[in-house]
Number of protein chains: 2
Amino acid sequence: MTPSQRADGTTGLDVVDLTTAIENFNRYYIRLPSVQQLSFTTLSVLDALVSGGPKRLTELVRTEQISQPGLTQLVTRLERDGLVERRPDPADGRAVLVHLTEAGRAVRQARQDDRERHLAPLIARLTPAEREAIASALPALTRLAELGAEAEAEARSRTER
Amino acid sequence: MTPSQRADGTTGLDVVDLTTAIENFNRYYIRLPSVQQLSFTTLSVLDALVSGGPKRLTELVRTEQISQPGLTQLVTRLERDGLVERRPDPADGRAVLVHLTEAGRAVRQARQDDRERHLAPLIARLTPAEREAIASALPALTRLAELGAEAEAEARSRTER
DNA sequence: CGCGATACATAAGGAGCTTATATATATCCG
DNA sequence: CGGATATATATAAGCTCCTTATGTATCGCG
């Protein structure tokens, strides 16, 4: 791992160190087998519905970073599998509200439990200092992701429409 | 975010906190647009070849967690695009050594630069404490990934052959 | 009302994975 | 040494999940 001292004198966080660590982690994490096998985007949509309630397709398109037809198809598959339901939006005849079903909620929870089963024993093998270091970084990582999402949204609003 | 105090009294790192943070980060990070669009696995293979030199298909299959035919096809696409070359292994007539080409090296570097361009301004907006927190966590995250890879390897060796 | 904008769906095509199976070379053992 | 078995890779068929291009219905506004 390269040192975190930057050439310009800034101390702290080197981008290459970050991306390297994240990618090494993801190489393991992304492929964590799940009982049901659901794509990254699928889970992301289920997460969005769990935390934010029913949403329009358009709304999901904005956050999920796939094309609108791609999302329509994803929702169609999810509906076929009984994980979500399409319901008309009473306020707008063009729109559709995507509702999570109980089965959808259960699937997401099952997969959460699954990850927990895999990761918990590994975390137990870390030193207390390592655990503390990761725990301390999570709020900052979350904020970094938020900043990234904002930047994306801005970039989109400048180029489109 | 739930508190990091576990019900069993263990302090430190809650699995749900970790997976939530990682997934929020990945939602942004994974989809970071790249000039060339390369799949996660593709980049992972290029990374492996950059850091470890030419490798057999079999060797890549072990680390990349995709099936052997899947990897053969991936290498075929990479070869078609001029990013790698297949060369015979002088020591084993059955084997193939996958070599990175200059173009392959350049593509990987371009994408590394790309991520740097995207992330650097975001990192600059974090507080010094946040940057420090993330930097301090990276070695632990790396170790967590290593433990995960080991566990996977063990699980495989128990079930297969 | 009619016209542009918006929300979603459909169609066609390609990437990238899977399992099952084939082929070539290596290795081991009597 | 020769044949059985194991190993390294390739091919085939099929599915998921994305893309772009385009179609259709509804909304809102002058």
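So, how was this worked out
- Residues numbered from 1 in each chain as written.
- Chains lettered and ligands numbered in written order.
- Predicted model: local features only at pLDDT ≥ 70, side-chain atom pairs only at ≥ 80, totals over all residues.
- Heavy atoms only, no water.
- Helix = DSSP H or I, 4+ residues; strand = E, 2+ residues; numbered from the N terminus.
- Buried < 20%, exposed > 50% of the residue type's maximum accessible area, 1.4 Å probe, protein only.
- Contact = heavy atoms within 4.5 Å.
- Buried area = accessible area lost by both parts, 1.4 Å probe.
- Salt bridge = Lys/Arg side-chain N within 4 Å of Asp/Glu carboxyl O.
- Pairing = 2+ DSSP bridges.
- Axes fitted to C-alpha atoms, helices over the stretch in contact; angles between N-to-C directions.
- Least-squares fit on C-alpha atoms with pLDDT ≥ 70 in both.
- Near = heavy atom within 4 Å.
- Polar contact = N/O pair within 3.5 Å; in protein donor to acceptor, adjacent residues only side chain to side chain.
- Nonpolar A, V, L, I, M, F, W, Y, C, P; charged D, E, K, R; others polar.

Novice: Help me understand the overall build of chain A in this model?
Specialist: A count of helical and extended segments in chain A gives 6 helices and 3 strands. Tracing chain A from N to C terminus, the helices and strands come up as α-α-β-α-α-β-β-α-α. Across the 161 residues of chain A, 44% fall into the buried class. Nonlocal contacts in chain A, meaning residues at least 24 apart in sequence, comprise 45% of its contacts between residues at least 6 apart.

Novice: What's the story with the interface of chain A and chain B in this structure? I'm lost.
Specialist: The figure often quoted for interface size is the accessible area lost as the parts come together. Every contact between the two is made by 63 residues of chain A and, on the other side, 64 residues of chain B. Both faces considered, chain A and chain B share a buried interface measuring about 6,100 Å² in area, 67% of it formed by carbon and sulfur atoms. Applying the counting rule to chain A against chain B returns 6 salt bridges. With its nearest N and O atoms 3.1 Å apart, the salt bridge here joins A:Glu23 to B:Arg111.

Novice: Can you help me understand the sheet that holds strand β2 (residues 84–89) of chain B in this one?
Specialist: Whenever strands of a sheet pair, they do so through backbone hydrogen bonds, lying parallel or antiparallel. All names here are of chain B. What the 3 strands build is an open sheet, ordered β1-β3-β2; its pairing is antiparallel. In this open sheet, the two edge strands, each paired with only one partner strand, are β1 (55–56) and β2. Sheet topology note: the β1/strand β3 (residues 92–100) ladder contains 2 bridges and is antiparallel. Across the sheet, Lys-55 pairs through a bridge with Val-98, a residue of β3. Across the face of the sheet, helix α4 (residues 68–80) comes into contact with β2 and β3 while running at roughly 120° to β2.

Novice: Got a minute to help me understand the pairing of β2(B) in this structure?
Specialist: Every other side chain in a regular strand lies on the same face of the sheet, so the side chains alternate between the two faces. Residues and elements named next belong to chain B. For β2 and β3, the ladder comprises 6 bridges, and the chain directions are antiparallel. Within the sheet, the bridge partner assigned to Arg-86 lies in β3 and is Val-98. Linkage of β2 to β3, two consecutive antiparallel strands, is achieved through a turn of 2 residues.

Novice: So what exactly am I meant to see when it comes to the relation of the copies chain A and chain B here?
Specialist: Copy one and copy two of the chain differ by a rotation about an axis and a translation along that axis. It takes a turn of 179° to lay chain A on chain B, together with a shift of 0.1 Å along the axis; the resulting RMSD is 0.2 Å. Here the transformation between the copies is reduced to the relation of a two-fold axis. Judged by C-alpha distance, A:Ala137 is the residue of chain A that lies nearest the rotation axis, at 3.0 Å. Interface residue correspondence from chain A to chain B reaches 100%, placing this contact among same-surface, isologous pairings.

Novice: I'm lost on the sheet that holds strand β3 (residues 92–100) of chain A in this one. Help?
Specialist: Residues and elements named next belong to chain A. Here we have 3 strands laid out as an open sheet, ordered β1-β3-β2, and antiparallel in their pairing. With one partner strand each, in any of the chains shown, β1 (55–56) and β2 (84–89) form the two edges of the open sheet. In this fold helix α4 (residues 68–80) packs onto β2 and β3, with an angle of close to 120° to the strand it touches most, β2.

Novice: Help me understand unusual backbone geometry in this model?
Specialist: Across residues other than glycine, the phi torsion is negative in most instances, and most of the peptide bonds are trans. Residue and element names in this part refer to chain A. Although it is not a glycine, Gln-65 adopts a positive phi angle of roughly 55°. Within the fold, Gln-65 resides in the loop between α3 (57–64) and α4. Classification of Gln-65 by relative accessible area gives partly exposed; the value is 27%.

Novice: Would you mind going over the protein's contact with DNA strand C with me for this structure?
Specialist: Inspection of the region around DNA strand C gives 22 residues, with A:Thr58, A:Arg86, B:Ser67, B:Arg77 and B:Gly93 positioned closest. Each atom of DNA strand C within 4 Å of the protein belongs either to a base or to sugar and phosphate, the latter forming 65%. The side chain of A:Thr72 places a nitrogen or oxygen atom 3.2 Å from a phosphate oxygen of DNA strand C. Elements that contribute at least two residues to the surface near DNA strand C include exactly α3, α4 and β3 of chain A together with α4 and β3 of chain B. Broken down by class, the residue content of the surface near DNA strand C amounts to 6 nonpolar, 10 polar and 6 charged.

Novice: Is there a simple way to explain the protein's contact with DNA strand D in this structure?
Specialist: Near DNA strand D lie 22 residues; those nearest to it are A:Ser67, A:Arg77, B:Thr58, B:Arg86 and B:Val96. Taking the atoms of DNA strand D that fall within 4 Å of the protein, sugar and phosphate contribute 63% of them. Within the side chain of A:Ser67, an N or O atom sits 2.6 Å from a phosphate oxygen of DNA strand D. Between a phosphate oxygen of DNA strand D and a main-chain N or O atom of B:Val96, the distance comes to 2.7 Å.

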